Amino acid sequence: MNLDSSVKGIAEVLDTKDAKDIVILDIAEVSNLTSYFVIATANSEPHMEALRDAVLEFLEKNNLSVIYYDRGRGYDWMVVDGGHFIVHLFSEKGREFYSLEDLWLNAKRYSLEDILKR
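Rules used in this analysis
Residues numbered from 1 in each chain as written. Predicted model: local features only at pLDDT ≥ 70, side-chain atom pairs only at ≥ 80, totals over all residues. Heavy atoms only, no water. Buried < 20%, exposed > 50% of the residue type's maximum accessible area, 1.4 Å probe, protein only. Helix = DSSP H or I, 4+ residues; strand = E, 2+ residues; numbered from the N terminus. Pairing = 2+ DSSP bridges. Polar contact = N/O pair within 3.5 Å; in protein donor to acceptor, adjacent residues only side chain to side chain. Core = buried A, V, L, I, M, F, W, Y, C linked by side-chain atoms within 4.5 Å.

## What to know about the pairing of strand E2 (residues 36–41)
Inference 1: Burial analysis of E2 places 6 of its 6 residues in the buried class, which makes it a mostly covered element.
Inference 2: What you see with E2 is no split at all: Tyr36, Val38 and Ala40 on one side and Phe37, Ile39 and Thr41 on the other are buried throughout.
Inference 3: Of the pairings in the sheet, the one linking strand E1 (residues 20–26) to E2 comprises 5 bridges and is antiparallel in character. The residue of E2 that forms the bridge with Leu25 is Phe37.
Inference 4: In terms of strand pairing, E2 meets strand E5 (residues 85–90) through 6 bridges, oriented parallel. Note on E5: the bridge partner recorded for Phe37 is Ile86.

Laid out in structure tokens, this is it:
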């Protein structure tokens, strides 16, 4: 596995902030949207905002660009778009409803355990 170090770093940041079910999908070969999706579940609205803010802080510290991020409140799904990756933060209800992983079954999938081993 040759995961982008910024994507791996984002997954590690999400893990330190207690995000659940962190998954990275390498969609570069199945889509031209982006190279990676980083998907995680938050346990509450404040937790989702804290995860978003932690990702934004990581990106700023590492001089990585942000094209767009959700600034609102009360969502079941928030994104941080960094161009070659998109971070998807879900409530439990939102993750089940939108089921992103099922939409991208042909993508390479990495669990947090896979990521931390490398």
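## Remarks on the side chain of Ser31
Inference 1: Looking at the element boundaries, Ser31 is found in the loop between E1 and E2.
Inference 2: Of the residues examined, Ser31 reaches a relative accessible area of 15% and is grouped as buried.
Inference 3: Here the side chain of Ser31 touches Leu33 through a polar contact of 3.0 Å, landing on its backbone nitrogen.

## Things to note about the nonpolar core
The nonpolar side chains of a soluble globular protein tend to be buried with one another.
Inference 1: Counting 27 residues, the largest nonpolar core has Ile10, Leu14, Ile24, Val87 and Leu89 as the members making the most contacts within it.
Inference 2: Put simply, the parts of the chain that give this core at least two residues each are helix H1 (5–16), E1, E2, helix H2 (45–61), strand E4 (77–81), E5 and helix H5 (112–117).
Inference 3: Tallying contributions element by element places H2 first for this core, with 7 residues.
Inference 4: Counting residues in hydrophobic clusters, the runner-up holds 11 residues, among them Leu25, Phe37, Ile39 and Val79.

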